[in-house]
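# Coordinate analysis (summary)
Here's the letter readout for the chains.
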Amino acid sequence: MVTARPADDDPPARPAADLAARQAELVAALVAGAPVPPGFDPAPLAAARAALLRKRAGDVARHWPLLAAGFGADWPATFAGWAAGRPTAGSLRDGWDLARALRGRGVLPPLGAEELAVREATDRYDGHRPPRPRRLPALGRAGGAVAVQLAGRVRLLRPARR
């Protein structure tokens, strides 16, 4: 027969809360650039952080192949430099946010500009909520590239300046 535990026997919940807090600190250090939690060796943590950033760069490159191709061998470093202190919002949104940031700094490569222009024409993304398909005709512009979406079809009207 199972009996209820006495109320005095509840203190084990405290170590579980402490463990959860330490786990949250570790995850924040790995993916969001938070400081190394006490009790962890910084070198292996830095190696794990770098590996996770490389993995994220590969995931973003699958959603944004032209953006990644525009940087060539510099793609992993470019992405890691941008993403180091940011938690992921998902590969599609990370790529979109990076492309917009690069456009704002004037360093978006032409292939990335064309890809961003097409995305801006096909989907609506405000930087906070997930992208949603556009239903009405739309125009996307980035780095001199112009794309138009009409009746569900997208055409690149003008390629980016090379």
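Refer to the preceding data block for the structure.
Described in the following lines is the structure provided in the data block. Here the structure is a predicted model, which is why all the values come from computation and not from measurement. Just so you know, the residues in each chain are numbered from 1, in the order the chain's sequence is written. Under the rules for a predicted model, residues below a pLDDT of 70 receive no local features and side-chain atom pairs below 80 are neither given nor counted, while totals for whole chains, interfaces and linings still include all residues. Hydrogens and water molecules were not included; the side-chain quantities draw on all heavy atoms of the structure.

### Here's the deal with the pattern of salt bridges
A side-chain nitrogen of Lys or Arg and a carboxyl oxygen of Asp or Glu constitute a salt bridge if their distance falls within 4 Å. Enumeration over the complete set of coordinates arrives at 4 salt bridges. Close ionic contact of Arg56 with Asp94 constitutes a salt bridge, the shortest N to O distance being 3.0 Å. You can see Arg56 sitting in helix α2 (residues 42–63) and its partner Asp94 sitting in helix α5 (residues 91–105), a full 38 residues away along the chain. Across the pair, Asp94 and Arg56 agree in class, each one buried. With a shortest N-O distance of 2.9 Å, Glu120 and Arg100 are connected by a salt bridge. Residue Glu120 is found in helix α6 (residues 110–122), and its partner Arg100 is found in helix α5; the two are separated by 20 residues along the sequence. To sort residues, take the accessible area from a 1.4 Å probe on protein chains only and compare it with the maximum for the residue type: under 20% means buried, over 50% means exposed, and anything in between is partly exposed. Look at Glu120 and you get buried, because its relative accessible area is 11%. Judged by relative accessible area, Arg100 falls into the partly exposed class, the value being 21%. What counts as a helix is a DSSP run of H or I of at least four residues, what counts as a strand is a run of E of at least two, and both are numbered from the N terminus.

### Quick notes on the pairing of strand β5 (residues 153–158)
With 0 of 6 residues buried, β5 lies mostly on the surface of the structure. The pairing of strand β4 (residues 145–150) with β5 spans 5 bridges and is classified as antiparallel. By the bridge assignment, Leu150 is partnered in β5 with Arg153. Taken together, β4 and the strand that follows it, β5, pair antiparallel across an intervening segment of 2 residues, in which Ala151 is found at a positive phi of about 55°. Should DSSP find at least two bridges between two strands, the strands are taken to pair.

### So, unusual backbone geometry
Look at Ala151: it is not a glycine, yet its phi comes out positive at around 55°. As for its placement among the helices and strands, Ala151 is situated in the loop between β4 and β5. Judged by its relative accessible area of 74%, Ala151 is exposed.

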